[in-house]
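# Structural features, examined
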Amino acid sequence: MRDARLLWSGLTLLAVAVLGAILTAGSLPGGVGWMNYMGSHHQMMWPWQDGAAATEPIPGATELILDAREFGFSPATVTVNEDVPVNLTLVNTGSLIHDLTIQELGFRIIAAAGESATGGLVPAALGTYGFECSIPGHAQAGMTGTLVVKGAP
Ligand SMILES: [Cu+2]
């Protein structure tokens with residue numbers, strides 16, 4: 001059984017390494033094509049959706065709910081614990097499409113007006129991370145916030 005355990009920890013390390021690589025490489029796709037999506041209101045296929053494993057909801061994780069509207073997040077500051085998986089749910093109560101982007105963590109969820117979206121996050125490093133709505137102009141209009149990752153109590 002020792003071997004099996006070693007194998008599992010090996011796989012876990014591998015998974016972490018792969019995730020790390022994705023996050024590192026995952027500088028969010030730049031502006032290319034972005035404007036093409038802007039005016040459209042149908043179900044959108046975002047260019048980064050294929051690589052969005054990092055924001056899949058995590059079964060069993062605590063859910064934190066953020067409200068998004070024109071133009072702000074509520075709450076605008078969210079605190080999570082290091083290494084404790086959470087699901088962030090963006091509830092869009094506004095009348096425009098909004099997203100929640102934590103650029104440093106390669107995290108992005110998008111919700112159309114009146115809809116919601118959930119993404120899983122494992123906050124791997126202590127720190128304070130800015131988040132924003134990446135729809136052009138929205139961050140400037142006030143859609144910014146702060147994710148605080150604190151140590152276990
Ligand atoms: Cu927005």
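Refer to the structure printed above.
First, a word on scope: everything that follows refers to the structure included in this document. (Residues numbered from 1 in each chain as written. Predicted model: local features only at pLDDT ≥ 70, side-chain atom pairs only at ≥ 80, totals over all residues. Heavy atoms only, no water.)

### A look at the environment of serine 116
For the record, the criterion: Helix numbering and strand numbering both begin at the N terminus, where a helix is a DSSP run of H or I of at least 4 residues and a strand a DSSP run of E of at least 2. Residues are treated as being in contact if the distance between any of their heavy atoms lies within 4.5 Å.
Along the chain, serine 116 turns up in strand β7 (residues 116-121). A C-alpha to C-alpha distance of 6.8 Å links serine 116 and threonine 89, two positions 27 residues apart in sequence. Beyond its immediate stretch of four places on either side in the chain, serine 116 contacts Thr89, Leu90, Val91 and Ala111.

### Examining the sheet that holds strand β2 (residues 72-74)
Strand pairing in a sheet relies on backbone hydrogen bonds, with the paired strands running either antiparallel or parallel. Condition: Pairs of strands are assigned from DSSP output, requiring at least two bridges between the strands. Helix axes use the C-alpha atoms of the stretch in contact, all axes being lines fitted to C-alpha atoms, and the angles between their N-to-C directions lie in the range 0 to 180 degrees.
Taken in spatial order, the 4 strands of this open sheet run β2-β1-β4-β7, and their pairing is mixed. Edge positions in the open sheet fall to β2 and β7, since each of these has one partner strand only. Averaged over neighbouring strand pairs, the angle between their axes works out to 25° when direction is ignored. As paired elements, strand β1 (residues 62-69) and β2 share 3 bridges and run antiparallel to each other. Looking at β2, one finds that alanine 68 is bridged to phenylalanine 73.

### A closer look at the pattern of salt bridges
Heads up, the condition is: Criterion for a salt bridge: a side-chain nitrogen of Lys or Arg within 4 Å of a carboxyl oxygen of Asp or Glu. Burial classes follow relative accessibility: with a 1.4 Å probe on protein chains only, a residue under 20% of its type's maximum area counts as buried, one over 50% as exposed, and anything between as partly exposed.
This structure, assessed with the given rule, holds 2 salt bridges. Two residues, aspartate 67 and arginine 69, come together in a salt bridge whose shortest N-O distance is 3.1 Å. The class of aspartate 67 is buried, set by a relative accessible area of 19%. The partly exposed category is assigned to arginine 69, whose relative accessible area is 31%.

### Things to note about the side chain of asparagine 92
On the secondary structure map, asparagine 92 appears in strand β4 (residues 86-92). A relative accessible area of 1% places asparagine 92 in the buried class. Contacts of asparagine 92, omitting those with residues within four sequence positions, involve Ala68, Ile97, His98, Ala111, Ala112, Ala113, Gly114 and Glu115.

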